[in-house]
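Per-entry structural report
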Amino acid sequence: MYFLLGGLSSCFILLGTSLLYANSGTTNLDALYAITSISDGSDYWYKPYYINFALLIFSIGFLFKVSAAPFHFWSPDVYDSIPTIVTTFVAIVAKISIFILLLEIVYYTKDYFTDFNWTYGLLISSLFSLIIGTILGLTQFRIKRLFAYSTISHVGFILLALSISSVESTQAFIFYLMQYSISNLNVFIILVAIGFSLYNYVSDNKEYKELLDKNNSPIQLITQLRGYFYINPTLALSLVITIFSFAGIPPLVGFFAKQMVLGAAIDSGYIFISLVAILTSVISGVYYLNVIKEIFFYSPEYKLNPLLENLTFNGNIYNKKNDIIKSVTFKHNNITISSPIAITISIITMVILLFMFVNKEWLSMSTILVQILFNY
């Protein structure tokens, strides 16, 4: 599915690029900006709405790739069917470069088309993404499909900031993209770590045993997180902090990102879509809180594997001269998460949690990035 729809979206991109070149004679953004700035096109051999139409088709191909509604239908199936670490790459890296490219194209063409600007398509996609990502997320019981619809909802906020194209909205866009990336990275790494930590436990979860693809990823169902707080409180708290940031709960970084986008939208007169964004943020809290309820308010269904209860390991401690200092016996207790994963989760969780105390650095970073990109 990912291959076929990726090829289809590439066809839209190539068609839009070819139409753009056929009507303007260039694919350079600076040259395109010059062409659209010096004239309204009435005295030239090309028609201005041709460029508008070409950019609209071009953007549709990229909206496929970032799983924006109404081109989102591949996203939940692909997220759920591939290993979690690959899902992390698809959810983050594949989107960042596309959004930066769209940001540059919007910047170079925002002041030219007045009757119907191609960026209205981004605004309509933003509206659909906010609604679909929230409503369909309420019915999900698989954790990665839930995060897929959550991603669609976040893409709606990103496209809203992108389509406004003011100085404030561009800063909000960069900041939202930054916090979206680190929050998604954290949540998927935590899912991988939870899968590792449960390898020495057994469960009677009938839903998981009936899955046809149960060997695909260790954690697939929301019910598999039931009572996990009583197994590993630290990982559970890290996951909950990240989920609260997704929901936009203050004082976490997700709240400030949504506040910046909504502030820029209201200042630019986009009142209706701002109200929709606020309502969908409130509604999305339902399925986020459902995950938190499973983690905290139920007893765990996991039991230590009987084969490991009486398992012991014998070992020796050596000095630099390879002389035995001490013989030790280790009793199996729990799987320890490796240092790179633990350090990554700790740093990102602390950034999400303590953003309110280090906000100047983050906001300055987004401002600097905007100035580097567009020389504001």
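Attention in this report is confined to the structure presented alongside it. What you see is a predicted model; the values in this text were computed from it and never measured.

The rules behind the values
- Residues numbered from 1 in each chain as written.
- Predicted model: local features only at pLDDT ≥ 70, side-chain atom pairs only at ≥ 80, totals over all residues.
- Heavy atoms only, no water.
- 1 Å grid on protein atoms, 1.4 Å probe; cavity = no way out; pocket = protein on both sides within 12 Å on 5 of 7 lines; lining within 4 Å.
- Points joined across faces, edges and corners; volume = space filled by probe spheres on them.
- Helix = DSSP H or I, 4+ residues; strand = E, 2+ residues; numbered from the N terminus.
- Nonpolar A, V, L, I, M, F, W, Y, C, P; charged D, E, K, R; others polar.
- Contact = heavy atoms within 4.5 Å.
- Axes fitted to C-alpha atoms, helices over the stretch in contact; angles between N-to-C directions.
- Parallel < 35°, antiparallel > 145°, perpendicular 65-115°, else oblique.
- Left-handed = near helix turned anticlockwise from the far one by under 90°.
- Patch = residues over 30% accessible without salt bridge, like charges linked within 9 Å, V, L, I, M, F, W, Y side chains within 5 Å.
- Areas by Shrake-Rupley, 256 points an atom, 1.4 Å probe, with all protein chains shown as cover.
- Salt bridge = Lys/Arg side-chain N within 4 Å of Asp/Glu carboxyl O.
- Buried < 20%, exposed > 50% of the residue type's maximum accessible area, 1.4 Å probe, protein only.
- Expected span 1.5 Å × (residues − 1).
- Phe/Tyr/Trp six-rings, centres within 6.5 Å; stacked < 30°, edge-to-face > 60°.
- Lys NZ or Arg CZ within 6 Å of the ring centre and 35° of its normal.

A look at the layout of surface pockets
Considering only enclosed or pocket space, the largest pocket measures out at about 300 Å³ in volume. What lines the largest pocket is a set of 13 residues, and nearest its centre among them are Leu198, Tyr201, Tyr208, Gln224 and Tyr302. Elements that contribute at least two residues to the lining of the largest pocket include exactly strand E1 (201-203) and helix H9 (206-209). If one sorts the elements of the lining of the largest pocket by residue count, E1 sits on top with three residues. Looking at the lining of the largest pocket residue by residue, the classes come out as eight nonpolar, four polar and one charged.

What to know about the side chain of Ser165
Within the secondary structure layout, Ser165 lies in the loop between helix H7 (143-164) and helix H8 (167-197). Apart from the residues within four sequence positions on either side, Ser165 is in contact with Val106, Tyr107 and Lys110.

Focus on the packing of helix H10 (residues 233-247) against helix H13 (residues 339-353)
In contact at an axis separation of 10 Å, H10 and H13 are set at 40° when each is read in the N-to-C sense. The orientation of H10 with respect to H13, classified from their angle, is oblique. When the axes of H10 and H13 are compared, the crossing they make is left-handed. Contacts between H10 and H13 involve Leu235, Ser238, Ile241, Thr242 and Ser245 from the first element and Ile345, Thr349, Ile352 and Leu353 from the second. Grouping the amino acids of the contact of H10 with H13 by side-chain chemistry returns five nonpolar, four polar and no charged.

Describing a nonpolar patch on the surface
On the surface, Ile131, Ile135, Leu136, Leu138, Leu279, Ile283 and Val286 cluster together into a nonpolar patch covering about 560 Å² of accessible area. Secondary structure elements with two or more residues in the nonpolar patch: helix H6 (119-135) and helix H12 (271-296). Ranked by residue count, the leading element in the nonpolar patch is H12, at three residues. Structurally, Ile135 can be placed in helix H6. Residue Ile135 is classed as partly exposed on the basis of its relative accessible area, which comes to 42%.

Points about H7
Counted at 1.5 Å a residue, the expected span for H7 with its 22 residues is 32 Å, and the 32 Å between its end C-alpha atoms agrees. Summarising burial for H7: 22 of the 22 residues are buried, a large majority. Ser165, located one to two residues past H7, shows a positive phi value of around 60°.

So, the packing of aromatic side chains
In the structure shown here, the tally under the stated rule is 17 aromatic pairs. Here Tyr2 and Trp74 contribute two aromatic rings whose centre-to-centre distance is 5.4 Å and whose plane-to-plane angle is 45°, an arrangement assigned as tilted. Taken together, the positions of Tyr2 in helix H1 (residues 2-24) and Trp74 in helix H4 (residues 74-81) put the pair 72 residues apart, joining distant regions of the chain. Between Phe64 and Phe71, the aromatic rings sit 4.9 Å apart at their centres with planes inclined by 35°, giving tilted as the arrangement. Comparing Phe64 with Phe71 shows no difference in burial state: the two are buried. Here the aromatic cluster, defined as three or more aromatic residues joined through ring pairs, consists of Phe147, Phe188, Phe246, Tyr287 and Tyr288. Above the ring of Tyr298, the side-chain terminus of Arg226 is found at 4.7 Å from the ring centroid.

Quick notes on empty space enclosed by the protein
Throughout the structure, instances matching the rule amount to one cavity of 30 Å³ or more. Within this model, the largest cavity holds a volume of roughly 30 Å³. Looking at the largest cavity, the residues that line it are Ser153, His154, Phe157, Lys258, Thr280, Ser281, Ser284 and Tyr288. Going through the elements one at a time, H7 and H12 are the ones with two or more residues in the lining of the largest cavity. Of all the elements, H12 adds the most residues to the lining of the largest cavity, at four residues.

What about unusual backbone geometry?
Look at the link from Ala69 to Pro70: it is a cis peptide, with omega at 0°. With respect to the secondary-structure elements, Pro70 resides in the loop between helix H3 (48-65) and H4. For Ser67, which is not glycine, the phi dihedral falls at a positive 60°. Looking at the element boundaries, Ser67 is found in the loop between H3 and H4. On the basis of relative accessible area, Ser67 is assigned to the buried category, the value being 0%. Although it is not a glycine, Ser165 adopts a positive phi angle of roughly 60°.

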